[in-house]
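Chain by chain, the residues run as shown.
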Amino acid sequence: SSNVEAHQYLARGGKKKDVLVILVPEHLVPDACSQVYRHCLNLNFRQKYKVYDDILALLHDHVKLGPDCKTIFVTSFNQFKKALTYDPICRKVRPHREQILVVCDEVDDFLDRDKLVFNICCNKSNSFDQPTMDYYHETSYAAYHGKAYPSDACDSSPNPSYWKELHTKFVAIFHEIQDASKSLNKSFGIFNEKTLRHCTTSISHDIEGYKALIARPYESVNRAMPGSYYSDVERTIFLTFVILSEDIAKYNELFQGERKFITFEYWKEYLAELDYDELVYGHDSLAEITEKHPHTLGGLIKFLYVIILKRMEVRDKSKSVNSVDIIFNFDCIGFTGTPFLDNYPTSDYIRHQREDDIPPCIDRSFYAYTNEDLPQNEFENRFYRFQGQNDNVKVKYLSSDFMNDSLKRGEMETLEAIFTQESSSHDVMSIDEVKTAPFNVIVDLCGIFKLSTIYDVRSSILKQFGADCFHYIYHIDQIDGSDRVLCIKTQNDVAFDEEFYKYLCRTYGANLRDKIFFFVDNRNYIGKDVPYQLVFQKHFSLPLFVKSVVVAHDVEDFSKIWQAMGRSRTMNDTTFSIYKSSISGDMNGEHGSEPIDIKKHPLTKLLYTRNCDCKMAGNLSSIFQTLIALYNLSKNSFYYSDEIVNTFIEKMEKTIMKKVGRLEEKLAAVLTDHIVPARILQHIFGDKFGRSSNKAIAENSLSVDMVNELVRQIVRQKFEQRLPSGDIYDDYIRFLSGEQVSLMEISYTKQQQKQKQKQKAKSQDNDTMDMFDKRHQLPLGKKVEDYFASTIRMEDDVVKKMLGLPVSIPIFMLHYSGGGRQNVINVYPTVQFMYSHHINPRYITEDVRSVLGGASDPSRYYEDFLATAAAESKMEEIGRKADSE
């Protein structure tokens, strides 16, 4: 923009901005780039500006920041953090950061307490000896099978207390993963074909990822690695044992490659009931062996577990950038539909060395905390402000405790139980005597339906309502996240695009909402049903979502429940049933009570206030990352270089306390030597503790000395080296640990399960292509000295020119009659067309490759193309004359 007043606002109290960094979640980067290209390029052509879709372009000398050229970068959260670990980029960005504006979409995700930090690490092999691996096995085995600490095996180790503490930790993790929706299957078993919904085409992809699951920690890789999203290596090690015990078939291929290394001594001790030669040189798979000889399972698990531990990589060096670093260093604007955020000081607050109360980064007037004990009318007023336009939402909460039993019978039995529950208070026969459904939308928030395919859902609907109730089922494709509609009668699965939506409206009119069932899985991708809901309501004055069932079960986070409800963009006109565990008494609406205004329901108040409490408290990771960001701020650095690289090894080798002590001193010194970071931390603590329902915390004022001591306690707790002190600091640490009940934080930066396949653009014309057989592949390339420089001028961009070249072999020939003669139209593809999903791989033959051999000389190539096309035309003319004669 060239608008002076707009730039005054965009300056955010700092200097005029000439660099814009747009941050979005990774799967939305292509869409964000499209928006920028579509809109920004039409704004102002009088000034020079450039748009980059790769933040790492800053590494190139030609990319300069300054007022001579406005610059826009579109990138993902983690890619921006990664860029700030490169010293050349830091040297370029740091002196110019006051001229940079960061615009962050989905800022609640950006500041999610479990996703704050991003680590860039180099790895090395571990140096575990055989006894150490035996200790890990014995400890994991005992915790998994409910046995006591294996003192006989571990007390001979150099550090028995470590293994005793580790056993306690493993037991706690094992209890945590037993819950139906917070289970191993959801958190860690994402490559288990028996436990997660997926299409058959992605099984090989699953297995490849699963083979890579070698207990490698989240922090030890440049990107979040499939199979391990935990910075807690000990947790990863134990879950690897659990998966070996519960799904050993996934390791068939690993076993096949390693079975020849089973020694005679190991066989004699653990696997003697098998024939040695058959075990080592045979062809039976691991799963087949354990099925025929179940008593060998323990020995085979130990054999593979040791191999996995041997291969485990550990960190060598590490740099980390977290979201708070970006908030502290850049002027930022954020957008969110879930406005529950921690409050951080802005860059302008820090720039002016302020020491007063931190201004709220978001309007918190609608927050409601437990310690306020609000009267019902005041709570309703605050919740009304939170709702915005969705101010008349009707809801009924129902107990989902029956799912604990129904899930043992099967997932579709659970869905049928929901149908039955909803039908009990619904008129199930229409005038035409066609059975109607009690609802037409289900949002599986907690991932109850992991195993079921959309065809299972179809069968359940047919069984419950017959073939004349619903005609179509909307669902989200498991591979690319695209919108699909399954025809119940024909089982045809087609894209849900504008053309098909219009066809449905022409066919059914306002009755469409009675003929399509929306099945939204726990990914809850924003789909094309969202705009169509608004169009449908505008056209027919009716909601497309009649009634939505949200399966929350054990999800306590009201933000997520509200997001799941928000799948309906007509919330005021849609009725909701929310299935939640542990509902009793008047809160349970299963006895036929009518839906009521959501803000009047007592369970809403309980969930909402609990949500505000938890979002405000954060967790130990978020407060620790805030400490690190304040340290980085004092050192004028975007990133932090960890000294404690492998926590679990330091604990095992008894060196952890010394390093934790050094880290304590380093962070505490920041508060002593720099008044602004000290005041910021004091304000953050005061804001959090003042909202606590624990009066001892809320009413106790924090002195500077107490803040200093609390920082030390947080560091010790972070690395699990703190012992209960029996004083107020126990309460502080428990409060800062968020949802954790105990003082031991089991997992530090556990991320939400990510999809193996990134969500692709939802367009029907999305240009993606499957991997072709080698004989149909078309590798093309051109070597240039500086590719970036060659792309600046169109006439020098050889690669772009090559993509626009036509191929002189027709891809399609249309014969038609006209004017008493036969004619033909030849359609010639460009090179770029052959890299789209429209191409038939059989078209790419040796003749095509031969034609493209001269692609490096475009002018000569075009002459050859025109000559070939003319010759083809002449041959066709001769052919027509011969036919007429």
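Not measured: the values here are computed from a predicted model.

A.B. asks: I keep staring at the pattern of salt bridges and nothing clicks. Help me out?
C.D. replies: Oppositely charged side chains are able to pair whenever their charged atoms sit close together. One pass over the structure, following the stated rule, counts 38 salt bridges. The shortest N-O distance in the salt bridge between Asp-687 and Arg-364 comes to 3.6 Å. Here Asp-687, found in helix H30 (residues 675-689), pairs with Arg-364, found in the loop between helix H18 (347-351) and helix H19 (376-387); they are 323 residues apart in sequence, far enough to count as distant. Residue classification places Arg-364 among the buried positions, given a relative accessible area of 17%. For Lys-547, the salt bridge is made with Glu-422, and the minimal N-O distance between the two is 2.5 Å. Here Lys-547 is found in strand S14 (residues 547-553), whereas its partner Glu-422 is found in helix H21 (residues 411-423), with 125 residues between them in sequence. Linked by salt bridges that have partners in common, Lys-17, Glu-98, Asp-331, Asp-348 and Arg-351 make up one network.

A.B. asks: What exactly am I supposed to notice about the packing of H21 against helix H22 (residues 454-465) here?
C.D. replies: When two helices pack together, their arrangement is given by the angle between their axes and by how far apart the axes lie. Taken N-terminus to C-terminus, the directions of H21 and H22 make an angle of 40°; their axes are 10 Å apart at the nearest point. When the axis of H21 is compared with that of H22, the two are oblique. Taken as a pair, H21 and H22 cross one another with a handedness that is right-handed. For the pair formed by H21 and H22, the contact residues are Met-412, Leu-415, Glu-416, Phe-419 and Thr-420 on the first element and Asp-456, Val-457, Ser-460, Ile-461, Lys-463, Gln-464 and Phe-465 on the second. Partitioned by chemical class, the residues of the contact of H21 with H22 number six nonpolar, three polar and three charged.

A.B. asks: Teacher, can you tell me more about the packing of aromatic side chains here?
C.D. replies: Two aromatic rings are characterised by how far apart their centres lie and by the angle between their planes. Counted by the stated rule, this structure contains 62 aromatic pairs. Here Tyr-135 and Trp-163 contribute two aromatic rings whose centre-to-centre distance is 5.4 Å and whose plane-to-plane angle is 55°, an arrangement assigned as tilted. Highlighted residues: Tyr-135 in helix H6 (residues 130-144) and Trp-163 in helix H8 (residues 160-176), separated in sequence by 28 residues. An identical accessibility class is assigned to Tyr-135 and Trp-163; each is buried. Pairing Phe-366 with Phe-386 gives two aromatic rings, centres 6.0 Å apart and planes at 45°, and the pair type is tilted. With Phe-366 in the loop between H18 and H19 and Phe-386 in helix H19, this pair connects stretches of sequence that are 20 residues apart.

A.B. asks: Explain the confidence of the model for the chain to me, please; I cannot follow it from the model alone.
C.D. replies: As a note on interpretation, predicted positions should not be read in detail where pLDDT is low. In the predicted model, the chain carries a mean pLDDT of 82, and 86% of its residues have values of at least 70. No element of the chain has a lower mean pLDDT than helix H10 (residues 203-211), which averages 35, and none a higher one than strand S4 (residues 100-104), which averages 96. pLDDT under 50 marks residues 427-431. Its contacts with residues more than four places away, or in other chains, come to nine contacts. Across residues 740-770 the pLDDT falls below 50, and counting only partners more than four positions away or on other chains, this stretch makes 107 contacts in the model.

Conventions used here
Residues numbered from 1 in each chain as written. Predicted model: local features only at pLDDT ≥ 70, side-chain atom pairs only at ≥ 80, totals over all residues. Heavy atoms only, no water. Salt bridge = Lys/Arg side-chain N within 4 Å of Asp/Glu carboxyl O. Helix = DSSP H or I, 4+ residues; strand = E, 2+ residues; numbered from the N terminus. Buried < 20%, exposed > 50% of the residue type's maximum accessible area, 1.4 Å probe, protein only. Axes fitted to C-alpha atoms, helices over the stretch in contact; angles between N-to-C directions. Parallel < 35°, antiparallel > 145°, perpendicular 65-115°, else oblique. Left-handed = near helix turned anticlockwise from the far one by under 90°. Contact = heavy atoms within 4.5 Å. Nonpolar A, V, L, I, M, F, W, Y, C, P; charged D, E, K, R; others polar. Phe/Tyr/Trp six-rings, centres within 6.5 Å; stacked < 30°, edge-to-face > 60°. pLDDT = per-residue confidence, 0-100.

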